[in-house]
Amino acid sequence: TTHLCLNTLRNRRNRVRLLDERGSVGEAPAPPTAETRLSAQELLAALPDPLAQVAVHYYFDEMTHEEIAEIVGVSRRHVGNLLQQIQERMQARA
């Protein structure tokens, strides 16, 4: 648990540093519309719990495969497989 907390703090500092180095790229993204939020909620509700959890960590929390794997308790490769399943389901809904 201690290592996870330290890694989280370290990763947060690295993200801030990288964003500062890159500088601002255009404007900040527009907040999601009510329609976008509803679509995301519907998609998450249709996913099994493990897939929904990975989707939230990856797409909303912007976590890496390694961070997700550590939290969920699976391998980094398995996280990639789960993300592939999520994308396939999203494409099937479109």
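Residues numbered from 1 in each chain as written. Predicted model: local features only at pLDDT ≥ 70, side-chain atom pairs only at ≥ 80, totals over all residues. Heavy atoms only, no water.

### Some details on the overall build of the protein chain
Part 1 of the reasoning: The secondary structure content of the protein chain amounts to five helices and zero strands.
Part 2 of the reasoning: Starting at the N terminus and ending at the C terminus, the protein chain contains elements arranged as α-α-α-α-α.
Part 3 of the reasoning: Of the contacts formed within the protein chain by residues at least 6 apart in sequence, a portion of 54% connects residues at least 24 apart.
Part 4 of the reasoning: On the protein chain, roughly 7500 Å² of surface is accessible, and the fraction owed to carbon and sulfur atoms is 54%. (Helix = DSSP H or I, 4+ residues; strand = E, 2+ residues; numbered from the N terminus. Contact = heavy atoms within 4.5 Å. Areas by Shrake-Rupley, 256 points an atom, 1.4 Å probe, with all protein chains shown as cover.)

### Topic: the nonpolar core
Part 1 of the reasoning: Grouped together as the largest cluster of nonpolar side chains are twelve residues: Leu47, Leu51, Ala52, Val54, Ala55, Met63, Ile68, Ala69, Val79, Leu82, Leu83 and Ile86.
Part 2 of the reasoning: For this core, the secondary-structure elements that each account for two or more residues are α3 (49-60), α4 (65-72) and α5 (76-93).
Part 3 of the reasoning: When sequence neighbours within four positions are dropped, the list of residues in contact with Ala52 reads Leu44 and Leu47. (Core = buried A, V, L, I, M, F, W, Y, C linked by side-chain atoms within 4.5 Å. Buried < 20%, exposed > 50% of the residue type's maximum accessible area, 1.4 Å probe, protein only.)

### Brief notes about a nonpolar patch on the surface
Part 1 of the reasoning: On the surface, Val56, Tyr58, Tyr59, Phe60 and Met90 cluster together into a nonpolar patch covering about 420 Å² of accessible area.
Part 2 of the reasoning: A total of four residues in the nonpolar patch trace back to one element, the largest contributor, which is α3.
Part 3 of the reasoning: Positionally, Tyr59 belongs in helix α3.
Part 4 of the reasoning: Since its relative accessible area comes to 34%, Tyr59 is described here as partly exposed. (Patch = residues over 30% accessible without salt bridge, like charges linked within 9 Å, V, L, I, M, F, W, Y side chains within 5 Å. Salt bridge = Lys/Arg side-chain N within 4 Å of Asp/Glu carboxyl O.)

### Remarks on the confidence of the model for the protein chain
Part 1 of the reasoning: Confidence in the prediction of the protein chain, expressed as mean pLDDT, is 81, and 81% of residues score 70 or more.
Part 2 of the reasoning: Of all secondary-structure elements in the protein chain, the lowest mean pLDDT belongs to helix α1 (residues 2-22), at 70, while α4 reaches the highest, 93. (pLDDT = per-residue confidence, 0-100.)

### Some details on the packing of aromatic side chains
Part 1 of the reasoning: Taken as a whole, this structure holds one aromatic pair when the rule is applied.
Part 2 of the reasoning: Where Tyr58 meets Tyr59, the ring centres are 5.0 Å apart and the plane angle is 90°; that geometry is what we call edge-to-face. (Phe/Tyr/Trp six-rings, centres within 6.5 Å; stacked < 30°, edge-to-face > 60°.)

### Focus: the environment of Ala46
Part 1 of the reasoning: Examined against the element boundaries, Ala46 turns out to sit in helix α2 (residues 34-46).
Part 2 of the reasoning: Judged by relative accessible area, Ala46 falls into the partly exposed class, the value being 46%.
Part 3 of the reasoning: Spatially, the C-alpha atom of Ala46 lies 9.4 Å from that of Arg89, the residues being 43 residues apart in sequence.

### Quick look at unusual backbone geometry
Part 1 of the reasoning: Of note, the phi angle at Glu62 is positive, near 55°, even though the residue is not glycine.
Part 2 of the reasoning: Structurally, Glu62 can be placed in the loop between α3 and α4.
Part 3 of the reasoning: With a relative accessible area of 59%, Glu62 lands in the exposed category.

### Thoughts on the packing of α3 against α4
Part 1 of the reasoning: Two numbers describe how α3 lies on α4: the axes approach to 10 Å, and their chain directions differ by 140°. Relative to α4, the crossing made by α3 is right-handed. Facing Gln53, Val54, His57 and Tyr58 of α3, the residues of α4 in contact are His65, Ile68, Ile71 and Val72.
Part 2 of the reasoning: Along the lines of polarity and charge, the residues of the contact of α3 with α4 split into five nonpolar, three polar and no charged. (Axes fitted to C-alpha atoms, helices over the stretch in contact; angles between N-to-C directions. Left-handed = near helix turned anticlockwise from the far one by under 90°. Nonpolar A, V, L, I, M, F, W, Y, C, P; charged D, E, K, R; others polar.)

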